[in-house]
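The primary structure of each chain is shown beneath.
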Amino acid sequence: MADVRSGKKIGLVVEGGGMKCAYNAGILDAFLTDHITFDYCIGVSGAAGNLASFLAGQKGRNLRFFTEHIHSPNYFGLKSLMHTGNLFGLQYIYGTLTNSDGEDPLDYPAIMRNPASYEVVATNAQTGRPEYFGKDAMQQDDYRLLMASSAIPVVSHPVALKDGLYYDGGISDAIPVRRALDQGCAKLVVILSKNRDYVRKPQGLRALYRFSCRKYPNIVKDIDRRHVVYNQNMQDVFSLERKGTAFVFAASKPIEVGTYSMDEKKERALYDLGVHDFAAQKEDLIRFMRA
């Protein structure tokens, strides 16, 4: 397919969500199949990693992380938690597997060659504020940026970047549409990891996260108010959609996968749903991007 973009700067915004990111992996692979490209891409948490494979043109790579690599005890679970302090094996996922000598290497030079701008969201552990990092924050075989964006408080240690420590970008800017607009995008394609009718509730286990994150009081505040910020974020997305500024992908069926799900069959089905939803909306998407 020929380039479907108009002369306007079009951004791609992809929400994270742990293992729910199999949905956006399906859509991103469908984009690759149809040669659909963007001027600017921004991702949060697991979606940041999926975007890296997309920008590298590595179709099918993300799917393997949801259906094949999950079977390693180093990927998720007690072994990872005991050895690294992280429930998700971030070093294993974004280091051992992803490095150039790994089992499933990321094509870093291809990302650098891709003309699209690429940003990743991470939350500063001291300030509790989102920060945005570009390609220059990654180097070959140094993917701490992706680890930081995926470092969920309580079940992960913060990750060192620059001169600070960072947590998951999703706790401060889960769907960074405002950032994309601030970066000059006139139109946005947004991939959500929740159904359209999802409403986030206040975080449970407050005593646990207050204790675990006691060194980072602003992270505790972020978690306390996350449901308010997130629900407003969703309303912003749908407001942009109504105005014709955003085109939104959200799962057309109830999502049966959670953040920590490790069910290969369900992950494959969620990926396939992403491929299906793209096909169902493909012509509408093309009209949106060409207008």
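Residues numbered from 1 in each chain as written. Predicted model: local features only at pLDDT ≥ 70, side-chain atom pairs only at ≥ 80, totals over all residues. Heavy atoms only, no water.

Undergrad: What is the right way to look at the pattern of salt bridges in this model?
TA: A side chain with one charge may pair with a side chain of the opposite charge, provided their charged atoms come close. Applying the stated criterion to the full structure yields 12 salt bridges. A salt bridge links Glu131 to Lys162; the nearest nitrogen and oxygen atoms lie 3.5 Å apart. Highlighted residues: Glu131 in strand E4 (residues 130-133) and Lys162 in the loop between strand E5 (159-161) and strand E6 (164-168), separated in sequence by 31 residues. Owing to a relative accessible area of 66%, Lys162 belongs among the exposed residues under this scheme. Here Asp142 makes a salt bridge to Arg144, at a shortest N to O gap of 2.9 Å. Judged by relative accessible area, Arg144 falls into the partly exposed class, the value being 39%. Here the residues in one salt-bridge network are Arg61, Arg64 and Asp104, joined through shared partners. (Salt bridge = Lys/Arg side-chain N within 4 Å of Asp/Glu carboxyl O. Helix = DSSP H or I, 4+ residues; strand = E, 2+ residues; numbered from the N terminus. Buried < 20%, exposed > 50% of the residue type's maximum accessible area, 1.4 Å probe, protein only.)

Undergrad: Any chance you could explain unusual backbone geometry here in plain terms?
TA: Leaving glycine out, the prevailing phi sign among residues is negative, and the prevailing peptide bond configuration is trans. Its identity is not glycine, yet His35 carries a phi of approximately 55 degrees, on the positive side. The phi dihedral of Lys162 is positive, around 50 degrees, even though this residue is not glycine.

Undergrad: Please explain helix H10 (residues 217-224) as it appears in this structure.
TA: Think of an α-helix as 3.6 residues a turn; residues three or four steps apart then line up on the same face. If you check which residues of H10 are buried, you get Ile219, Val220, Asp222 and Ile223. One side of H10 carries all its buried residues, which in axial view fall inside an arc of 155 degrees. (Arc of directions from axis to C-beta.)

Undergrad: Just to check I follow, could you spell out empty space enclosed by the protein for this structure?
TA: If a probe the size of a water molecule is rolled over the atoms, the empty space left behind becomes visible. A full pass over the atoms with the stated rule returns 3 cavities of 30 Å³ or more. Empty space within the largest cavity amounts to approximately 280 Å³. Taken together, 22 residues form the lining of the largest cavity, with Gly46, Phe66, Tyr75, Ile93 and Tyr94 sitting closest to its centre. The set of elements that each furnish at least two residues to the lining of the largest cavity consists of helix H2 (46-55), helix H3 (61-67) and helix H5 (90-96). Within this model, the second largest cavity holds a volume of roughly 50 Å³. (1 Å grid on protein atoms, 1.4 Å probe; cavity = no way out; pocket = protein on both sides within 12 Å on 5 of 7 lines; lining within 4 Å. Points joined across faces, edges and corners; volume = space filled by probe spheres on them.)

Undergrad: Just checking my understanding: could you explain the packing of aromatic side chains for this structure?
TA: Applying the stated criterion across every chain yields a total of 15 aromatic pairs. With 6.2 Å between their ring centres and 65 degrees between their planes, Phe31 and Phe249 make a pair best called edge-to-face. With Phe31 in helix H1 (residues 22-33) and Phe249 in strand E8 (residues 246-249), the pair connects residues that are 218 residues apart, well separated along the chain. Of the two residues, Phe31 and Phe249, both sit in the buried class. Consider the rings of Tyr75 and Phe88, whose centres lie 6.5 Å apart with planes at 70 degrees: the pair is edge-to-face. On the criterion of sequence distance, the pair formed by Tyr75 in the loop between H3 and helix H4 (78-84) and Phe88 in the loop between H4 and H5 is long-range, its members being 13 residues apart. (Phe/Tyr/Trp six-rings, centres within 6.5 Å; stacked < 30°, edge-to-face > 60°.)

Undergrad: Sorry if this is basic, but what is going on with the layout of surface pockets here?
TA: As a volume, the largest pocket reaches approximately 620 Å³. For the lining of the largest pocket, the secondary-structure elements that each account for two or more residues are helix H9 (206-212) and helix H11 (226-243). Split by residue class, the lining of the largest pocket holds 14 nonpolar, 8 polar and 6 charged. One number sums up the size of the second largest pocket: a volume of about 350 Å³. Surrounding the second largest pocket, 20 residues form its lining, Pro130, Ser172, Asp173, Arg178 and Val229 being those nearest its centre. Where the lining of the second largest pocket is concerned, the elements lending two or more residues are E4, helix H8 (177-182) and H11. Sorting elements by how many residues they give to the lining of the second largest pocket places H11 first, with 5 residues. (Nonpolar A, V, L, I, M, F, W, Y, C, P; charged D, E, K, R; others polar.)

Undergrad: Which parts of the structure should I look at to understand the environment of Tyr94?
TA: Structurally, Tyr94 can be placed in helix H5. By relative accessible area, which is 12% here, Tyr94 ends up buried. Each C-alpha atom, one on Tyr94 and one on Phe54, is 15 Å from the other, the two residues being 40 residues apart in sequence. Among all residues touching Tyr94, those that are not within four sequence positions of it are Gly46, Gly49, Asn99, Tyr143, Leu146, Met147 and Ser150. (Contact = heavy atoms within 4.5 Å.)

Undergrad: Would you mind going over the packing of H1 against helix H12 (residues 264-290) with me for this structure?
TA: At a minimum axis separation of 7 Å, H1 and H12 run at an interaxial angle of 45 degrees. The angle between H1 and H12 places the two elements in the oblique class. Handedness of the H1/H12 crossing: right-handed. Contacts between H1 and H12 involve Ala22, Tyr23, Ala25, Gly26, Ile27, Asp29, Ala30 and Phe31 on the former and, on the latter, Glu267, Leu270, Tyr271, Leu273, Gly274, Val275, Asp277, Phe278 and Leu285. In terms of residue class, the contact of H1 with H12 is built from 12 nonpolar, 2 polar and 3 charged. (Axes fitted to C-alpha atoms, helices over the stretch in contact; angles between N-to-C directions. Parallel < 35°, antiparallel > 145°, perpendicular 65-115°, else oblique. Left-handed = near helix turned anticlockwise from the far one by under 90°.)

Undergrad: How should a nonpolar patch on the surface be read in this particular structure?
TA: A cluster of nonpolar side chains, Leu78, Leu81 and Met82, forms an exposed patch at the surface whose accessible area comes to about 350 Å². Assignment of secondary structure puts Met82 in helix H4. Here Met82 falls in the exposed class, since its relative accessible area comes to 70%. (Patch = residues over 30% accessible without salt bridge, like charges linked within 9 Å, V, L, I, M, F, W, Y side chains within 5 Å. Areas by Shrake-Rupley, 256 points an atom, 1.4 Å probe, with all protein chains shown as cover.)

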